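Chains, contacts and geometry: an overview
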Amino acid sequence: MTDGSGSTHRECSREKKPTVWAPPVLGYPDVGFFAADTDGGSRCPGAQGPSYQGAPYRRALARKSGFRSIEGGKNMLQLEQELKILLLPKDPNDEKNVIVEIRAGAGGDEAALFAAEIYRMYAHYAESRRWKVEMMEADEIGIGGMKRGTLMITGQGAYSVMKYESGVHRVQRVPETESGGRIHTSTITVAVMPEAEEVDVQIDEKEIRIDVMRASGNGGQCVNTTDSAVRLTHYPTGIVVYSQTEKSQLQNKAKAFALLRAKLYDIECQKAHDAEAEARRSQIGTGDRAEKIRTYNFPQGRVTDHRINLTLYKLDKIMNGDIQEILDACIAADQAKRLSNLEEQK
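Computed from a predicted structure; not experimentally measured.

**Observations regarding the overall build of the chain**
Counting its regular elements, the chain contains eight helices and 13 strands. Taking all 346 residues of the chain together, the buried fraction comes to 42%. Taking all contacts inside the chain whose residues are at least 6 apart in sequence as the whole, residues at least 24 apart take part in 57%.

Below is the structure:
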């Protein structure tokens, strides 16, 4: 059969050959019904598009749409696995923005320096995803480190990815002040909390003490000369939050309340995790803040994630924000574990 352009298309084959029909599925919205034959030849299009030109056309369509070829049922098991993953229960917080709190642990100044480096690592990663990064709190020390740093990351699905960073991060390296060349081990703790809206947490202002003061540390015009810093003390829990990064007292107060809401909401989430011990164990390190999750070994240029036994030798890139490979591996391991638990329950 010849069209007006002079090109020739083969008639749709009418031979009885095994055919796999692939309907559009959740996660592959651009793909309509089509028939994939088992011998790589041309078949009739199922519901849309021009006449097929054989396997090359199908592969091109698959690349364009993000849909993998399923010729002859070779990858049907893979497709079934992907569908099961899509049907796994979603974490209700996955689409929320996140607040990441980084605290220096054992190791003194070296731990504070590493905390600042991890802070920058997350900021670079968020920027690479085109997410908005905002500093909420920073307790800096004079040598370029920080005892504590908190940042807000705003972006669709931020919590679904960043939640795997909660836990203890360990660094092994020779400090600049070490004259004997000995490797020191220091730790920091990362807490990733979903942003809480006012409807998620009700705060009784009678249970809060609000103090205003002048900001401390490095500052510019109006920062250290006015009572712009805000400290909130929550009596029932003993939580104290402090914000001084903005020039305006109102802005610092809003940030402090946002951080307090996140902390209170996180406490409720932790209680829910504790109440569902089996479900918590099924996840890949998203609940226990005391868990040692990762080691950064500078002499070897190595990063090891202990939860999934993943080791990468690209420390410089990772410290510059290239952590997607680690996060993808954590997500895949978590999904595999949850699927395994579902199969065991059947």
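**Side note on helix H3 (residues 109-128)**
With 20 residues, H3 ought to run about 28 Å at 1.5 Å a step, and its terminal C-alpha atoms sit 29 Å apart, in line with that. When you tally the buried positions in H3, you get 14 out of 20 residues, the bulk of the element. Phi for arginine 130, located one or two positions after H3, is positive at around 60°.

**Observations regarding the sheet that holds strand S10 (residues 239-243)**
Consider a sheet: its strands pair through backbone hydrogen bonds, and that pairing is either parallel or antiparallel. Spatial strand order, S8-S9-S10: three strands in an open sheet with antiparallel pairing. Single-partner strands in this sheet number two, and they are strand S8 (208-213) and S10. Each strand axis lies, on average, 15° off the axis of its neighbour in the sheet, ignoring direction. As paired strands, strand S9 (residues 229-234) and S10 are joined by five bridges and run antiparallel to one another. Across the sheet, the residue bridging to arginine 231 is tyrosine 242, located in S10.

**Brief notes about the packing of aromatic side chains**
Throughout the structure, instances matching the rule amount to two aromatic pairs. When the centroid spacing of 5.2 Å and the interplanar angle of 65° are considered together, the rings of phenylalanine 114 and tyrosine 296 count as edge-to-face. Of this pair, phenylalanine 114 sits in helix H3 while tyrosine 296 sits in strand S11 (residues 292-297); the two residues are 182 residues apart in sequence, bridging distant segments of the chain. Assessed through its relative accessible area of 0%, phenylalanine 114 is described here as buried. Using a relative accessible area of 0% as the deciding quantity, one classes tyrosine 296 as buried. Where tyrosine 125 meets tryptophan 131, the ring centres are 6.0 Å apart and the plane angle is 85°; that geometry is what we call edge-to-face. Residue tryptophan 131 is classed as buried on the basis of its relative accessible area of 9%. The ring of phenylalanine 298 carries the charged tip of arginine 173 above its face, separated from the ring centre by 4.7 Å.

Calculation rules
- Residues numbered from 1 in each chain as written.
- Predicted model: local features only at pLDDT ≥ 70, side-chain atom pairs only at ≥ 80, totals over all residues.
- Heavy atoms only, no water.
- Helix = DSSP H or I, 4+ residues; strand = E, 2+ residues; numbered from the N terminus.
- Buried < 20%, exposed > 50% of the residue type's maximum accessible area, 1.4 Å probe, protein only.
- Contact = heavy atoms within 4.5 Å.
- Expected span 1.5 Å × (residues − 1).
- Pairing = 2+ DSSP bridges.
- Axes fitted to C-alpha atoms, helices over the stretch in contact; angles between N-to-C directions.
- Phe/Tyr/Trp six-rings, centres within 6.5 Å; stacked < 30°, edge-to-face > 60°.
- Lys NZ or Arg CZ within 6 Å of the ring centre and 35° of its normal.

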